[in-house]
Amino acid sequence: MSALAMVLLPTVALAQDRTIDADDVVRRRERVDPGEEITDFDVGDLDIKLQLGFAGNSLGPQTLITSFFNWFEIQLSADLGVIQHESVTLGVGLEAWIGRPWIPESVAALSSEAQRGLDWRAATRGVVFRSTLHYTGLSALDPYASVILGPSFDVVRAWDRPVGASGHFTSTGIRFGVGAGLNVVSKDRIVGGVELRYMASPRFRRGEDLPLVDGEGEVVDSFTIGRAQRAPRGFTWIGSIGLRF
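Calculation rules
Residues numbered from 1 in each chain as written. Predicted model: local features only at pLDDT ≥ 70, side-chain atom pairs only at ≥ 80, totals over all residues. Heavy atoms only, no water. Helix = DSSP H or I, 4+ residues; strand = E, 2+ residues; numbered from the N terminus. Buried < 20%, exposed > 50% of the residue type's maximum accessible area, 1.4 Å probe, protein only. Contact = heavy atoms within 4.5 Å. Areas by Shrake-Rupley, 256 points an atom, 1.4 Å probe, with all protein chains shown as cover. 1 Å grid on protein atoms, 1.4 Å probe; cavity = no way out; pocket = protein on both sides within 12 Å on 5 of 7 lines; lining within 4 Å. Points joined across faces, edges and corners; volume = space filled by probe spheres on them.

## Thoughts on the overall build of the protein
Looking only at helices and strands, the protein has 3 helices and 10 strands in total. Written out in order from the N terminus, the α and β elements of the protein read α-β-α-β-β-α-β-β-β-β-β-β-β. The burial tally for the protein puts 40% of its 245 residues in the buried class. For the protein, the share of sequence-separated contacts (at least 6 apart) that also reach a separation of at least 24 residues comes to 70%. If you sum the accessible surface of the protein, you get close to 13,500 Å²; carbon and sulfur atoms cover 64% of it.

Here it is, written out as structure tokens:
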């Protein structure tokens, strides 16, 4: 073996080692396909989320702010991915809720026909169909649009405590709306998100001239549903936490 060969052989071996190292670095730096990101909502994925909603009681733009001081709702939602095309996934599911206007019940007046101040409580509950459209082209976020539609059931109760009379109003209705939201998904598939929704909740009955009845069953006064007792409507903010299965 010549002296030149003895010098070149270690150099060639070192170059081969560096080539292997370079290939290994390339493999380590390969980007994950966007369709395989942990945040993607794919066909067969199921999101179960506990939600806290803040809803307004009018259709005006002021409910972007006033919703935080009107209806408070606890919601449970489920979304299942059913159709996928390129970077978009369609989900379908259900959402159940129960809500109360905690602050208005304490500060908003409800007067009887005889101009007597009444204590009152209100509640709303129901189940709606949900449809969501998720964009899966982002590596860290899961943005989506939503549509809801379904029945609601509302109750308003009023008391004239000094007189010992009470009355109540019940009505079914329909809740519908559209929204946009953003989910963040952890490596453990914990889902946290926020959604802004605009919705309406018309009731099938008008709350006018409702009787106040005393302990003997006699009608002693009446009341009419006011703005503070209206069903949730307008802009709604929703925060959520849940799991993706």
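## Regarding the environment of Trp159
Along the chain, Trp159 falls in strand 5 (residues 142-160). Spatially, the C-alpha atoms of Trp159 and Trp120 are 6.3 Å apart, while their sequence positions differ by 39 residues. Here Trp159 is in contact with Leu118, Asp119, Trp120, Arg121, Ala165 and Ser166, once residues within four sequence places are set aside.

## Overview of empty space enclosed by the protein
Counting across every chain of the model gives 1 cavity of 30 Å³ or more. Estimates place the volume of the largest cavity at around 30 Å³. Surrounding the largest cavity, Asp47, Lys49, Asp79, Arg130, Thr132, His134, Tyr144 and Asn183 form its lining. Elements represented by at least two residues in the lining of the largest cavity include exactly strand 1 (46-55) and strand 4 (119-135). Per element, the largest residue contribution to the lining of the largest cavity is 3 residues, and it comes from strand 4.

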